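Topology and contacts: notes
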Amino acid sequence: MLTSIASTLSLSLLKACGVVLLILVARGLTWLINMMLVAPMFDPLKKIQGPDGSPLQNHFREVMDPSVSPHTHEKWVKSFGKTFRFHGFGRHDFRLLSVDFCVMTHILNSPIYEKPWQTRTLLTNLFGRGLFAIEGTEHKALRKLIAPAFSTQSIKAMTPIFFQKAEELRDKWESLASSPTSIVDAKFPPLPAPPYSPSPSFAEAVIDVAHWFSLATFDVIGLAGFDYHFHALQCESEEIYLAYRNMFRIADKGPKLRELIQLYFPVLGKIFPNEAACITNESQRVISEAGQRLIQSKKCAILAEKTSAHEIKEKDILSLLIKSNLSADISGRLSDADLLSQLSTFLFAGSDSTSLTMSWCIHLLSLHPDVQARLRSELNSMSPCASNSSSISGYSAPTHAETIDVLPFLDAVVRETLRLCPPVHGTMRVATRDDNIPISSPIVLRNGTIIQPGETIHLRKGSYVHIPIEALNFSTDIWGEDARIFNPDRWSSLPHTARAPYHPGIANLMTFSFGPHACPGWKFSMLQTKIFLATLIPHFVFEPAADIQKFNAILTRPYVYDQFEFGTRLPVKIGRLNL
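Cut-offs applied
Numbers given for residues are sequential positions, taken from 1 along each chain in its written order. Restriction of local features to residues with pLDDT of at least 70 applies here, the model being predicted, together with a cutoff of 80 or more for giving and counting side-chain atom pairs; totals for whole chains, interfaces and linings are based on all residues. Excluding hydrogens and water, the side-chain values take into account all heavy atoms of the structure. The helix and strand labels rest on DSSP assignments: H or I over at least four residues marks a helix, E over at least two residues marks a strand, and numbering proceeds from the N terminus. Here the radius of gyration uses the C-alpha set of atoms, whereas the globule reference equals 2.2 Å times the residue count to the power 0.38. Type-normalised accessible area, obtained with a 1.4 Å probe on protein chains alone, sets the label of each residue: buried when under 20%, exposed when over 50%, and partly exposed for intermediate values. Residue contacts are defined here by distance: any two heavy atoms, one from each residue, within 4.5 Å place the two residues in contact. Patch rule: a residue counts if its relative accessible area is over 30% and it has no salt bridge; like charges are joined within 9 Å, and nonpolar side chains (Val, Leu, Ile, Met, Phe, Trp, Tyr) within 5 Å. Only the protein chains shown count as cover for residues, with accessible areas throughout obtained via the Shrake-Rupley method and a probe of 1.4 Å. By salt bridge we mean one thing: a side-chain nitrogen of Lys or Arg within 4 Å of a carboxyl oxygen of Asp or Glu. Any two strands with at least two DSSP-identified bridges between them are counted as paired. Between N-to-C directions, angles cover 0 to 180 degrees, with each direction set by a line fitted to C-alpha atoms, over the stretch in contact for helices. Site definitions follow a grid-based scheme: protein atoms alone, a 1 Å grid, a 1.4 Å probe that fits but cannot get out for cavities, and for pockets an open set with protein on both sides within 12 Å along at least five of seven lines, plus lining residues having an atom within 4 Å of a point. Grid points are joined across faces, edges and corners, and a volume is the space filled by probe spheres set on the points. Here the nonpolar group is Ala, Val, Leu, Ile, Met, Phe, Trp, Tyr, Cys and Pro; Asp, Glu, Lys and Arg are the charged ones; every other residue, Gly included, is treated as polar. What is meant by a nonpolar core is a set of buried Ala, Val, Leu, Ile, Met, Phe, Trp, Tyr and Cys residues, joined one to another through side-chain atoms within 4.5 Å.

1. Here we look at the overall build of the protein
Helix and strand counts for the protein stand at 20 helices and 14 strands. Here the C-alpha atoms of the protein give a radius of gyration of 26 Å, agreeing with the 25 Å that 2.2 N^0.38 yields for 579 residues. Principal-axis analysis of the C-alpha atoms gives the protein an extent of 95 × 65 × 55 Å. Taken across its 579 residues, the protein has 50% of its residues classed as buried. Counted over contacts in the protein with a minimum sequence separation of 6, partners at least 24 positions apart contribute 74%.

Spelled out as structure tokens, the structure:
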């Protein structure tokens, strides 16, 4: 009898499992049919023109790969107008792309549009709940909290750090140029020929400027961010530096198929962690332990000085954040873990994006010796920029920084570099509810109907919008026919299409975006870049060493043509100048 009961129960259990499985399969098939066939039929973006493709073809490479995207964007704008749709994960996945500033202004300023949850989850997994991983009222409150850390006055107080590390890097390069045999790296193959070789050449050595700027800016953000000495320029073995660098190296590779699957099934990463997950977890452990000690130390020092925290003398970002945090409502205060997340976010965004701007600038100057010579002349004409400024009596770093900041040609060179080589190639937003988007350039629908300027296009909830930072920076309608050419002189007489109010971007660029999610540290980055260039350019001549190309991970990075497997590199020939 017991056997009969057990058999009956087993049969019932199998039937129940079968029913559950059938329900799951049925739901899966329903979801798939709806996503692939039904929903696209009613998607308003179906009516808009754009490139076609096979059912599972995507256009991600055309949109996001910097080796082809400039040509793709230009071709599509000529074919379909300024606003069109492309395929995401297949013909069923319509996505909006626009170089119409009216469209971009609406999307980047409207609370309806947020970063996709997938993007925010990836950022949270790497850096915690930092500024770039949160949305809505929480994001607005955090922006208000960190604003004092990036005020003009706060950045001015950080300028001694900028000069200190710029001069340290200059001394390193002087040493490398004087003994070039010491920097030959056998692990790399011979460099391919550069686009041109100047004659005569003044080069004494070849250095990877991307590597050295990365070390220098990491040191800067360590001191300016939380008064911590990484000493990366001197020795790349400090524990916290290595933890951050290993974590950033994983981030650079971008999410693979496994990571995308884990977004939907996070338990897989805990059960079957791969090498990348293990490295990230170990890095986060080291950072968390050290960060907690640092935060507690800073907090105790601040409270000991004055409980109200109104007279804090420290100028690093962490101290300013703690000050702002202690002054805030208790309900609006950040936890120590959230404070640490902001620092990790600033370290990645502040060090890597700025180091890339510096690297691309030196690369462009090496390709344009006339511009390089003209910039050097401007810098040499400014005393005491061409000498060891810190040794001069009565020297003031903030005053010196102000003088550098207003140099017109240096400003033009930096802005032109940021325009041609934005660290972030593009970003995404998703509509959290149905919306009508105003346009300023006509759209011809697939059936021939024309939507006129001043009218709107309909976007349904869940639709993705690509923010094409590079395409807007390269647009011939905005910048003229030479939009893809390095021409700093354009900044002395910008066309009206590149000036406010037509162009809403910070510093007349899309590089820092605009609206509530604009880069909070753009002044920090620009001034730091200018100070480094002002310190280095008078002492060295730069020449191209190899054919350099771009690749897009989280940030747009350089690599040596036909040597992609060796990762981020930007070798440049340098020679010392007798001042």
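After that view, the rundown keeps rolling.
2. Some remarks on a nonpolar patch on the surface
The grouping of Trp117, Leu257, Ile261, Tyr264, Phe265, Val267, Leu268, Ile271 and Phe272 at the surface amounts to a nonpolar patch, some 930 Å² of accessible area in total. Counting residues per element, the ones that place at least two in the nonpolar patch are α10 (257-264) and α11 (267-271). Tracing the chain through its elements places Tyr264 in helix α10.

3. Notes on the sheet that holds strand β5 (residues 427-431)
The five strands are arranged β1-β2-β10-β5-β3 in an open sheet whose pairing can be described as mixed. Only two strands of the sheet have a single neighbouring strand rather than two, namely β1 (83-87) and β3 (113-114). As judged from the two bridges shared by β3 and β5, these two strands associate in the antiparallel manner. Looking across to β5, one finds that Glu114 is bridged to Val430. Helix α3 (residues 69-80) rests against β1 and β2 (94-98) of the sheet, and its axis sits at about 120° to β1.

4. Some points on the pairing of strand β11 (residues 540-544)
Within β11, five of the five residues are buried, which leaves the element mostly enclosed by the surrounding structure. Burial of β11 is two-sided: the residues Phe540, Phe542 and Pro544 facing one way and the residues Val541 and Glu543 facing the other way are all buried. Relative to strand β14 (residues 571-576), β11 runs antiparallel, the two sharing five bridges. Within β14, the position partnered with Glu543 by the bridge is Lys573.

5. Points about the layout of surface pockets
Approximately 490 Å³ is the volume found for the second largest pocket. Taken together, 22 residues line the second largest pocket, and the ones lying closest to its centre are Leu420, Cys421, Phe474, Ile548 and Lys550. Elements represented by at least two residues in the lining of the second largest pocket include exactly α3, α14 (336-367), α18 (469-474) and β12 (548-552). Counting residues per element, the lining of the second largest pocket draws most heavily on α14, at four residues. Residues that form the lining of the second largest pocket fall into these classes: 13 nonpolar, five polar and four charged.

6. Things to note about the nonpolar core
Judged by nonpolar contacts, the single largest core of 143 residues is most densely connected at Leu169, Trp173, Phe213, Tyr244 and Phe524. At 13 residues, the largest contribution of residues to this core is made by α14. Contacts of Phe524, omitting those with residues within four sequence positions, involve Phe150, Ile155, Met158, Phe162, Val220, Ile221 and Ala224. With six residues, the next largest nonpolar core counts Val63, Trp76, Phe86 and Leu97 among its residues.

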